[in-house]
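Below are the chains, spelled out letter by letter.
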Amino acid sequence: FSFKNNQPNLYGNYLTTSLRYIKKNKLNFGFKLGGLSLAIFSFLAIAIYVNYQWSFDTYHSDYENIYRVNSQRKENGQVEKYAISPLAIGPMLKEHIPEIKAFVRVRSANIMYLRHEDKVIGCEGLIETDSSLFDVLTYRFIAGTPDALNNPYGIVLTKAKAIDLFGTTDVLGKVVTINNDKQPFEVTAVIEYPSNTCFSFNAAILIKEEFDFSIASINSPVEFLDHSSTLFVRSTQPLNRDITAKVESLLNQFVKKTDRIETGFELSFQPLKDVYLGPKLKAEFADKGNPVYVYAFSILGVLLLVVAAINYINLSIADFSSRAKETGVRKVLGARKYQLLTQVVLETILFSTVSLVLGLLLLYLMFPQIMQLLDPDLRMGMLLDKRLLVVLSVSLLVLVFLSSWFPARQFAYSGISQNLKSKVSGYNSTPSQVLLFTQFAISTICIACTIVAGLQVDFIHNKELGIDKKNLLVFSLPEDFTVDRMKVLKQKLKEVTGVTHVSNSSFRIGGGYWKDWYFVEDNEGIKNVELYEVFSDDELFSTLGIKILEGRTFNANMPSESGAAFVINETAARELGWDSPVGKRIYTHPEEKGKWDGTVVGVVADVNISPLYEKVRPLVMRLPWQNDYPDGFVYVRYQGNEQSIISAIEKKYKAVNPEYPFQFRFVDELYDSRHQKESKAFASLQFSTSIIILISMLGIFSMATYISLRRMKEFGIRKVLGASTGQIARLHIGYFFRLILLANVIALPIAYWITKQWLNGFAYRVDLTMAPFLLVGGASLLIVLFSGSYSAWKAGRMNPVEVIKIQ
């Protein structure tokens with residue numbers, strides 16, 4: 001065979017040689033192929049998820065020129081940023097800023113029910129909006145046209161809601177009513193939209209209220225929130241600084257500059273594509289993602305490929321070192337460097353192609369579990385997204401290049417005499433040590449981050465919230481539910497065997513509070529402060545298990561309590577500077593002094609109803625302020641057989657309120673759902689870290705076996721000279737121990753910094769001590785010991801007579 005005269009047979013020879021070597025070294029082949037396949041599978045899953053997260057709201061036509069108008073204002077001396085703006089801002093911008101082509105205002109209609117004939121369904125996603133909704137945002141019309149909201153009593157339904165209510169999408173012209181309102185709404189369109197949107201809704205009706213732009217909507221937080229909406233604008237061009245300056249000038253025409261300075265009122269334009277992963281603002285209507293996790297997953301995907309490439313490179317270096325004589329023979333027969341390089345590249349491409357096929361197959365088989373783990377809206381077809389295909393192609397090309405370059409360099413550039421004597425520098429070379437060190441460091445960082453994330457997730461689910469969330473359910477009331485019916489409902493629910501407490505309140509766990517300005521007693525007189533507020537009956541404290549720290553709670557048997565008794569939380573007492581809060585005077589607006597003028601009667605422990613990113617707010621609690629309608633949520637505490645108790649509760653509810661369905665949530669599940677992103681991120685990190693550890697262990701096992709074979713004669717001589725089995729084993733495994741110790745010294749401080757930055761995003765978090773990192777250090781040493789123990793034991797137990805004979 002001649003390399004020079006038989007060029008057409010060259011690639012066939014490469015393939016034949018590679019297949020023969022694979023057949024002789026099945027274990028090494030399995031490790032290389034398995035590690036690479038697992039990494040590609042994980043990388044593809046992460047790539048689909050990350051690309052999906054970045055694609056939110058990019059399906060809208062000309063999305064680059066759609067913006068959400070945000071605002072900011074001062075509250076208690078601090079600037080607060082809102083995702084809403086006063087209702088009159090939209091018309092004002094459209095009229096005075098030529099670059100604004102269209103605008104649409106959107107606001108939630110709170111909890112609503114849709115009724116058609118005798119069927120009633122819940123519709124929490126009902127919005128009030130302008131008729132220009134479809135001029136700004138893009139949706140697919142299954143029935144109807146974009147002018148559907150020109151009908152003042154038209155309603156647009158999503159496909160899912162139309163099927164839920166009517167059983168079909170052929171519903172144009174059919175009539176529905178909202179709650180118990182007699183006003184009929186005609187279905188004028190049925191639409192659908194993809195899942196990658198932060199602006200989701202189930203039904204839309206025309207916004208009814210119009211307000212002129214005035215300073216009142218800025219100065220008063222109540223007016224600001226009530227008379228504001230989420231505002232989207234579509235522009236003819238990107239909104240640059242010149243347009244922003246025009247807006248500033250326009251605001252000065254309507255609001256005095258001094259007033260704007262005092263209130264801190266400003267407007268800003270946020271690109272629609274940035275809303276989902278942008279910072280969370282107050283009064284967000286949109287569903288939000290967490291950019292930290294998107295970046296973390298992106299880095300994790302890259303690390304998986306890096307670990308896989310390092311594992312492949314290390315095993316390939318070992319492979320080609322053991323094939324040194326083959327290399328020497330090829331060089332003697334006239335093989336050129338580029339031909340030897342070609343063999344390495346072709347072999348890498350062969351491995352990568354097979355691994356890609358196996359990775360895709362594994363992804364297909366595991367995709368239902370991946371959807372459950374990451375996001376139920378993911379689809380396998382997302383792999384065909386053009387942007388994702390480009391990223392995947394580039395990533396795999398880089399993987400092939402890196403996996404080829406190191407072994408090719410050693411394979412092609414070593415001397416012929418070294419090749420023929422099988423003395424090519426092998427695994428102890430500096431590049432090999434650097435690669436193995438990098439692999440160890442990545443594994444250590446991932447293990448440390450996984451452990452700390454697990455501690456924080458456990459802390460989230462087990463932290464004392466100030467209430468007992470077990471055996472507690474909550475359901476909402478329709479807006480037309482009366483106080484008299486609420487009294488009957490509470491009495492009926494208390495008759496259910498197993499129900500221990502029932503309470504009515506204005507807030508729901510996992511939601512938020514209302515807020516208002518209050519006048520409170522101060523050492524220097526009376527000061528005006530903004531407090532979060534909750535309206536509730538006198539049974540809320542016993543129903544939720546809220547601890548009373550000082551004083552008492554409300555007394556419903558005393559009519560005067562309704563306007564004169566206030567209960568505050570410990571955060572409010574602290575921030576108001578009250579050492580002895582009970583008896584302190586508190587009232588609302590001066591014009592309501594006679595109605596809401598009283599004293600603090602008690603202090604209760606802080607209650608975390610919001611996610612743990614947010615600190616507990618200063619809170620004031622009082623009895624309901626109106627007699628016509630109760631507050632919107634009912635809590636029921638129970639003990640006993642859950643299924644039978646809930647069934648009995650539903651019967652009592654329908655007996656009092658037959659017009660509406662009974663829809664409830666368990667409080668513990670409701671709270672946990674607010675931290676679903678953390679739980680999913682932790683589960684995904686666990687899975688990815690397991691893959692990285694597995695790949696690293698495969699590499700350590702294979703390389704430890706390779707090193708023991710290359711050093712077998714040395715170990716035989718040492719044993720003849722009196723070395724024990726244990727000394728040989730320690731000598732063999734010590735090489736890896738030294739590298740892992742060095743990797744820990746470098747990686748653990750990095751892991752500490754990463755986890756500390758992540759934990760800083762939580763107002764309430766686990767204490768970050770050195771214990772997890774010491775555990776990681778010990779675990780990494782155990783991984784090395786476990787992975788290399790077999791080859792170390794085998795090296796210590798070898799027969800020196802047999803190995804010394806090896807030439």
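Being a predicted model, the structure only gives us computed values, none of them experimental. (Residues numbered from 1 in each chain as written. Predicted model: local features only at pLDDT ≥ 70, side-chain atom pairs only at ≥ 80, totals over all residues. Heavy atoms only, no water.)

Undergrad: When you look at the pattern of salt bridges in this model, what are you seeing that I'm missing?
TA: Two side chains of opposite charge can pair, provided their charged atoms sit close to one another. Applying the stated rule across the entire model yields 19 salt bridges. Put simply, Asp537 and Lys490 hold a salt bridge, and the shortest N to O gap is 2.8 Å. Of this pair, Asp537 sits in the loop between β18 (525-535) and α17 (540-544) while Lys490 sits in helix α16 (residues 483-494), and the two are 47 residues apart along the sequence. Residue class for Lys490 comes out buried when judged on its relative accessible area of 13%. Residues joined in a network through salt bridges with shared partners are Lys490, Lys494, Asp537 and Glu539. (Salt bridge = Lys/Arg side-chain N within 4 Å of Asp/Glu carboxyl O. Helix = DSSP H or I, 4+ residues; strand = E, 2+ residues; numbered from the N terminus. Buried < 20%, exposed > 50% of the residue type's maximum accessible area, 1.4 Å probe, protein only.)

Undergrad: How do you make sense of the packing of helix α3 (residues 89-96) against helix α8 (residues 241-254) when you look at a structure like this?
TA: Axes are the key here: two packed helices are described by the angle between their axes and the distance separating the axes. Their axes nearest at 11 Å, the elements α3 and α8 cross at an angle of 120 degrees. Viewed along their axes, α3 and α8 adopt a mutual orientation that is oblique. Judged by the twist between their axes, the crossing of α3 over α8 is right-handed. Every residue of α8 that contacts α3 at Ile89, Met92, Leu93 and His96 is listed here: Val247, Leu250, Leu251 and Phe254. Among the residues making up the contact of α3 with α8, the classes are represented as seven nonpolar, one polar and no charged. (Axes fitted to C-alpha atoms, helices over the stretch in contact; angles between N-to-C directions. Parallel < 35°, antiparallel > 145°, perpendicular 65-115°, else oblique. Left-handed = near helix turned anticlockwise from the far one by under 90°. Contact = heavy atoms within 4.5 Å. Nonpolar A, V, L, I, M, F, W, Y, C, P; charged D, E, K, R; others polar.)

Undergrad: Looking at this model, I keep getting lost on the environment of Leu251. Mind explaining?
TA: In this fold, Leu251 is placed in helix α8. Sequence-wise, Leu251 and Met92 are 159 residues apart; in three dimensions their C-alpha atoms are separated by 9.4 Å.

Undergrad: Can you help me understand the pairing of strand β12 (residues 203-206) in this one?
TA: Consecutive residues of a regular strand have side chains that alternate between opposite faces of the sheet. On β12, burial covers both faces: Ala203 and Ile205 on one face and Ala204 and Leu206 on the other are all buried. Both strand β7 (residues 126-129) and β12 contribute to a ladder of four bridges, which runs parallel. The residue of β12 that forms the bridge with Glu128 is Ile205. The pairing of strand β9 (residues 154-158) with β12 spans three bridges and is classified as antiparallel. Its bridge partner being in β12, Val156 is matched across the sheet by Ala204. (Pairing = 2+ DSSP bridges.)

Undergrad: Please clarify how the sheet that holds strand β15 (residues 472-476) should be interpreted in this entry.
TA: Adjacent strands of a sheet form backbone hydrogen bonds with each other and so pair up, either parallel or antiparallel. Reading across from one edge, β16-β24-β15-β25 is the order of the four strands in this open sheet, with antiparallel pairing throughout. Here the strands that pair on one side only, and so sit at the sheet edges, are β16 (499-505) and β25 (664-666). Averaged over all pairs of adjacent strands, the angle between strand axes in this sheet comes to 20 degrees, irrespective of strand direction. Across three bridges, β15 lies against β25 in antiparallel orientation. From the neighbouring strand, Val474 faces β25, where its bridge partner is Arg665. On top of the sheet, α16 reaches β15, β16 and β24 (633-638); it is set at about 160 degrees to β16, its chief contact.

Undergrad: Which parts of the structure should I look at to understand α3?
TA: Those residues of α3 not exposed but buried are Ile89, Gly90, Met92 and Leu93. Each buried residue of α3 sits inside an arc of 165 degrees when the element is viewed along its axis, so together they form one side. Residues of α3 that are buried in the fold lie against β1 (66-75), β3 (85-86), β4 (100-108), β13 (228-235), α8 and β14 (266-271). (Arc of directions from axis to C-beta.)

Undergrad: Can you help me understand the side chain of His60 in this one?
TA: Counting through the fold element by element, His60 comes out in the loop between α2 (26-54) and β1. Looking at His60, the relative accessible area reads 2%, which means it is buried. Residues within four places of His60 in sequence aside, it is in contact with Ile66, Leu137, Thr138, Tyr139 and Leu272.

Undergrad: Got a minute to help me understand the confidence of the model for the chain in this structure?
TA: Detailed reading of the predicted coordinates is not advisable wherever pLDDT is low. On average, the chain scores 80 in pLDDT, and the residues at 70 or more come to 79%. Counted against residues more than four places away or in other chains, residues 1-6, with its pLDDT under 50, gives twelve contacts. Note on residues 423-427: pLDDT under 50 across the span, and 22 contacts to partners over four residues away in sequence or across chains. (pLDDT = per-residue confidence, 0-100.)

Undergrad: Mind showing me how you'd approach the packing of α16 against helix α20 (residues 642-656) here?
TA: α20 packs onto α16 with a crossing angle of 155 degrees between their chain directions and a minimal axis gap of 9 Å. The angle between α16 and α20 places the two elements in the roughly antiparallel class. Here α16 runs over α20; the crossing is right-handed. Together, Arg485, Val488, Leu489, Lys492 and Leu493 of α16 and Ile649, Lys652, Tyr653 and Val656 of α20 make up the contact between the two elements. A breakdown of the residues in the contact of α16 with α20 according to their chemical character gives six nonpolar, no polar and three charged.

Undergrad: Explain the nonpolar core here, please?
TA: Burial of nonpolar side chains together is a common tendency in soluble globular proteins. With 108 residues, the main nonpolar core has Phe297, Leu363, Phe440, Leu544, Met621 and Tyr635 as its most contacted residues. Top contributing element to this core by residue count: α2, with 15 residues. The residues touching Leu363, leaving out its near neighbours within four places in the chain, are Phe41, Leu44, Ala45, Ile48, Ile370, Met380 and Leu383. Among the nonpolar cores identified, the runner-up in size contains 23 residues, and Leu473, Val636, Ile649 and Tyr660 belong to it. (Core = buried A, V, L, I, M, F, W, Y, C linked by side-chain atoms within 4.5 Å.)

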